[in-house]
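Below are the chains, spelled out letter by letter.
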Amino acid sequence: MKNDTFTLGGKEFSSRFILGSGKYSMELIKAAVENAGAQIITLAVRRTNTKKKENILDFIPDNVTLLPNTSGARDAKEAVRIARMARELGCGDFVKVEIMKDSKYLLPDNVETVKATEMLAKEGFVVLPYMYPDLYTARDLVNAGAAAVMPLASPIGSNKGLATKEFIQILIDEIDLPVIVDAGIGRPSQACEAMEMGAAAVMANTAIATAGDVPVMAGAFKAAIEAGRSAYLSGLGRVLERGASASDPLTGFLRD
Amino acid sequence: MAENQFFIDSDKLSEAALERKHKLETDPSSRTNHMEYMPGMEQIDPTIRNKVLSEMDNYDYNKYTARDVQNALEHETCSVEDFKALLSPAAEPFLERMAQRAKIETGKHFGNTVYLFTPLYIANYCENYCVYCGFNCYNDIHRKKLTFEEIEHEMKVIADSGIEEILMLTGESRAQSDVEYIGEACRLAKKYFRNIGLEIYPVNSDEYRYLHECGADYVTVFQETYDNVKYETLHLMGHKRVFPYRFEAQERALMGGMRGVGFSALLGLSDFHKDALASALHIYYLQRKYPYAEYSLSCPRLRPIINNDKINPLDVHEKQLCQILCAYRIFLPYVGITVSSREQKHFRDGIVKIAATKVSAGVSTGIGDHESKYTGKDTGESGDEQFEISDGRSFDQMYNDMESEGLQPVLNDYVYV
C-alpha cells in the first residue's frame, strides 16, 4: 500500500484528504493544512478577490495544490468567467466547478455544471465538478472531460454525513474517474465510511472550520481517511445485516 | 402604549410651509392615497405582497404558549408557524436557548466569519416628509450633495482605511440625486471597492438594471413598517408615501439583475412582532420565486435625530431585538444579518457571536465628512447626519475587536460577474 496514490490532471497525490479553506481564520488554515497532511486545498475565488490583510493565498503553503472553486456562479457562463479569473490570479489550472442557483440549500445545478465542465476542459483546465450524485450526470461529466466527479454527501455545511450513500456507491461502481466525496461530511467516522466504500478522496470544510480545536480535528480526519482507505484496499470482511448464519443453509443438500 | 412625539416645527419655515405641514399632520384627507402608484411607478405582480400582508394581519402572537416555543426549538427545520411562536411574547423566557440554537445555525452557514463594510452618504436632499427621519424635507438641517470629485475623495479616504465593501446612500430626491448621478457614483466606487451596495429611493426595474451595469449588485430598501395603516401616518408626503411601490422594490431589483437584496422594518415605529414577521416572510416568499438571489436582513431601531433628541425605539429593548434576531436566524439560517452602528458596542460584540454576520465600521451618516472624522483634519462644510450613531469604532478597531472575539473578519467574499 506504500504507493497508493491517485491522479488528477496528470498530477499524483498520496493524500486523499482535500481540505476546504472557507469559514475560518487564515492562521488556522495553515495549521489545519499541516495537521491534515493535505496536498490539495480548495479556495473560493471570490475570497481571494481582496486587497490586503487577509488574502488567503498568503497563508497556503507552496507545496499544496490550489483548487479554486467557482462559488458565486449561478450558471455555466459565470463559472467559466470565475475560473478564468482564478487562472489570472495565479491559482493554476485546477478548478472545482460549483454552480448554485439556490441560496438556501446551495445544491449544485447538474445541467449547468456539465456545460461549464465541457467549456473549461476545452480551455485546458483540470475540472473537478461538484455535483448532485446522479449517474447520468456523472457519465455526461466523463464525456465532457472532467478529471474527477465530486458528488455531495449531504447539503453543504449540514454536517449530516452520507445521506446520498447509495447513489455515491453507484457512481463509485460505474464511473472510471476518481469519485471525491464532497460536502456534508460532519465527522471523521463519516469520512472513513466514504473511503471504505471506495471513494478516491474526501473533501471537508465546515466540520473542521467549526470544530472546537481546528488543527486537532484536521488530524482526526486525516487518520479516519487513511483508516477507511486501508480498509477498502484490504477488502472488507463480511458484515452481517442481522442475526447469525449457518455455513450453507440452502445448498447443503447438493452431493456431486 | 407610549408613542414618540415626532412633529417638530423649524422657525425657518415660511408661514405657508408651516400651514401645509400642519395640515398634513392633522388632516388625513389632505394626504394622497398611499396605496395608489404615482405616474411612472412600475407595477408588478402583487402576489408576494398580498401573501406577506395577509399572514401579518392574521398573526395573533398572544395565542402562542411556552409549549409552542419549545416545540419550535426542537424541530429540525423551522416552519412559518414555529417562527411565529419564536417571535411571540411566549418565547421571551427562552432567549438563551434560542441564542444557542441560532449560534449553531449561524456556524453551519457562515462558520466563524463576520463581514465588515461602511456606508457612504453622498447626498441628503429629500422630497419626503417621513416624520421620524433626520433627512425629512421639513427638518432644518444642512443639506449637501457631493460632487463627483468630492465623492472620489471620500472613497479614497475610506478605501485607504482598508474597507472593501461600500453601501452608498442618498436622501430620497430624484431631482437632486437622479439615477445617472448614482450610476456615476457606482462607476467611481468600482475603482476603490470590491463590493458595491445601494440604499437609495426605490426605482423601476430598468433603472436597477442600469445601476447594476454601473457596478452595483446589492440593493437594500427598508419598508420601515409593514403595517400600511401606520405607514400612512408616518410618511405624510412624497413618493415614499406609496406603500406598495416601496414594498416591491427588492423584487424589481432582482428583475433588474441585482445579485442580492436587503430588507428591514425600522423597529419602534409600529408593532415589532408583526413587523419582524413580515420582514422575514418578505424574504421567505421572494426566495421561493427567486431562489438564486442572496438575501439579507437588518434590524434598525429608531434613533434620535437632529432637532429631536427624544425619538427612541419604545418597547424594542435589547432583549426584544435579540429575540427577533435569534428568531430570524433560526427561521432563515442562510440569510445575512447586518447590525449597524445604531447599536452600541456591547450589543454588536455579543450579537455577532449568535446571529449577526455583518457589521459596519468607520461610520458617518453625514455628507462629506469622512476625512475629518477619520483624520481630524478640518475639511470644510459637510451635510448633516441622518441619525445619531451609537458605535463610532473605526475600521481598524472593529477589525481587531472582531478578531479578539474569535471571529474571522472578512472584507470581501464576492466577485462581479
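Just so you know, these numbers come straight off a predicted model, no measurement behind them.

Draft legend 1. Inspection of the overall build of chain A at higher detail. Regarding its fold elements, chain A presents nine helices and 10 strands. The C-alpha radius of gyration computed for chain A amounts to 19 Å, which stays within 12% of the reference 18 Å derived for 256 residues, consistent with globular compactness. Each principal axis of the C-alpha distribution contributes one length, and for chain A these read about 80 × 40 × 40 Å. Within chain A, residue pairs in contact and separated by at least 24 positions form 62% of the contacts whose partners lie at least 6 positions apart.

Draft legend 2. View of the overall build of chain B. Broken down by element type, chain B carries 16 helices and 11 strands. Based on the C-alpha atoms only, the size of chain B along its principal axes is roughly 60 × 50 × 40 Å. Long-range contacts, defined as pairs at least 24 residues apart, comprise 77% of the intrachain contacts of chain B with a sequence gap of at least 6.

Draft legend 3. Quick peek at the interface of chain B and chain A. On the chain A side, the residues contacting the 24 residues of chain B number 30 residues. Breaking the side of chain B that touches chain A down by element, the ones donating at least two residues are α5 (95-110) and β8 (294-298) of chain B. When residues of the side of chain B that touches chain A are assigned to their parent elements, the largest contribution, four residues, is made by α5 of chain B. Residue composition of the side of chain B that touches chain A, by class: 10 nonpolar, nine polar and five charged.

Draft legend 4. Representation of the UniProt feature "domain: Radical SAM core" (unreviewed entry) in chain B within the structure. As recorded in UniProt, the sites labelled "domain: Radical SAM core" (unreviewed entry) are residues 112-329 of chain B. Taken end to end, residues 112-329 of chain B is 39% helix and 21% strand, and its first and last C-alpha atoms sit 15 Å apart.

Draft legend 5. Structural view of the UniProt feature "active site" (unreviewed entry) in chain A. Residue and element names in this part refer to chain A. Per the UniProt entry, the sites bearing "active site" (unreviewed entry) are K96 in this numbering. As for its placement among the helices and strands, K96 is situated in strand β6 (residues 94-97). By the C-beta count within 10 Å, which is 28 here, K96 ends up buried. In this view, K96 contacts T42, L67, N69, L128, Y130 and M150; residues no more than four positions away in its chain are not counted.

Draft legend 6. Inspection of helix α5 (residues 135-144) of chain A at higher detail. Residue and element names in this part refer to chain A. Looking only at α5, the buried set comprises T137, A138, D140, L141 and A144. Projection of α5 onto a plane perpendicular to its axis shows the buried side chains occupying an angular sector of 160°, all on one side. Turned more than 90 degrees off the buried face of α5, the exposed positions are Y136 and N143. Check the buried side of α5 and you find it contacts α4 (110-122), β7 (126-131) and α6 (165-174). Positive backbone phi, approximately 100°, marks G145, located one or two places after α5.

Draft legend 7. View of α5 of chain B. All names here are of chain B. Taking 1.5 Å of rise per residue, the 16 residues of α5 would be expected to cover 22 Å, and the 21 Å separating its terminal C-alpha atoms lies within 8% of that figure. Within the sequence span of α5, burial applies to M98, A99, R101, A102, E105, T106, H109 and F110. The buried side chains of α5 occupy one side of the element, clustering within an arc of 165° when seen end-on. Relative to its buried face, α5 has exposed residues pointing more than 90 degrees away, namely E96 and I104. Against the buried residues of α5 lie α3 (66-74), α4 (80-87), β1 (113-123) and α13 (318-331). A positive phi of about 60° marks G111, the residue just after α5.

Calculation criteria
Residues numbered from 1 in each chain as written. Chains lettered and ligands numbered in written order. Predicted model: local features only at pLDDT ≥ 70, side-chain atom pairs only at ≥ 80, totals over all residues. Helix = DSSP H or I, 4+ residues; strand = E, 2+ residues; numbered from the N terminus. Rg over C-alpha atoms; globule rule 2.2 N^0.38 Å. Contact = placed C-beta atoms within 7 Å. Nonpolar A, V, L, I, M, F, W, Y, C, P; charged D, E, K, R; others polar. UniProt positions renumbered as here; feature names shortened; annotations may be inferred. Buried ≥ 20, exposed ≤ 12 C-beta atoms within 10 Å, placed from the backbone. Arc of directions from axis to C-beta. Expected span 1.5 Å × (residues − 1).

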